[in-house]
Amino acid sequence: MVRFEVSDTGIGIGIGIGIDQETIEALYRRFTQADASTTRRFGGTGLGLVISKRIVVLMGGDIGVESTPGVGSKFWSTLSLIP
């Protein structure tokens, strides 16, 4: 089993973003985004994590996020590389 992690601590030193628990629970639903504000510079459909989760689960792995508001987030996935 291999675990991949990507950490995001925000846009600058000391400016962590993080995601609250309620938003984390919605991240893997279709057409849901953590930042749906009108000031968001680039749009999106909110399908990226849904598609990623389906692919990872079909490959026998798992995917998730650990986050602390104001600190940052860690997205992770696990995959079995032996069929």
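Preceding this section is the structure that the text describes.
None of these values were measured; they are calculated from a predicted model. Here, residues in each chain are numbered from 1, in the same order as that chain's written sequence. Note on the predicted model: pLDDT of at least 70 is required for a residue's local features to be given, and 80 or more for side-chain atom pairs to be given and counted; whole-chain, interface and lining totals, by contrast, use all residues. Remark: hydrogens and water are excluded; side-chain values derive from all non-hydrogen atoms of the structure.

Enquirer: Is there a simple way to explain the pattern of salt bridges in this structure?
Expert: Salt bridge criterion: a side-chain nitrogen from Lys or Arg within 4 Å of a carboxyl oxygen from Asp or Glu. Per the stated rule, a full pass over the model turns up 4 salt bridges. The partner of Arg3 in a salt bridge is Glu5, with the nearest N and O atoms 2.7 Å apart. Measuring nitrogen to oxygen at the nearest pair gives 3.7 Å for the salt bridge that ties Glu5 to Lys74. In this pair, Glu5 sits in strand β1 (residues 2-8) while Lys74 sits in strand β3 (residues 72-79), placing the two residues 69 residues apart along the sequence. Overall, the relative accessible area of 42% leaves Glu5 in the partly exposed class. The numbering of helices and of strands both runs from the N terminus, where a helix is a DSSP run of H or I of at least 4 residues and a strand a run of E of at least 2. Buried means the residue's accessible area, taken with a 1.4 Å probe over protein chains only, is under 20% of the maximum for its type, while exposed means over 50%, and partly exposed covers the values in between.

Enquirer: Help me understand the pairing of strand β2 (residues 62-68), please; the structure alone is not making it clear to me.
Expert: Side-chain direction in a regular strand flips from residue to residue, so the side chains alternate between the two faces of the sheet. Two strands are said to pair when DSSP picks up at least two bridges between them. Bridge analysis of β2 against β3 gives 7 bridges, and the strand direction is antiparallel. What sits directly across from Glu66, in β3, is Lys74. Two successive antiparallel strands, β2 and β3, enclose a turn made up of 3 residues, where Gly70 displays a positive phi of approximately 85°.

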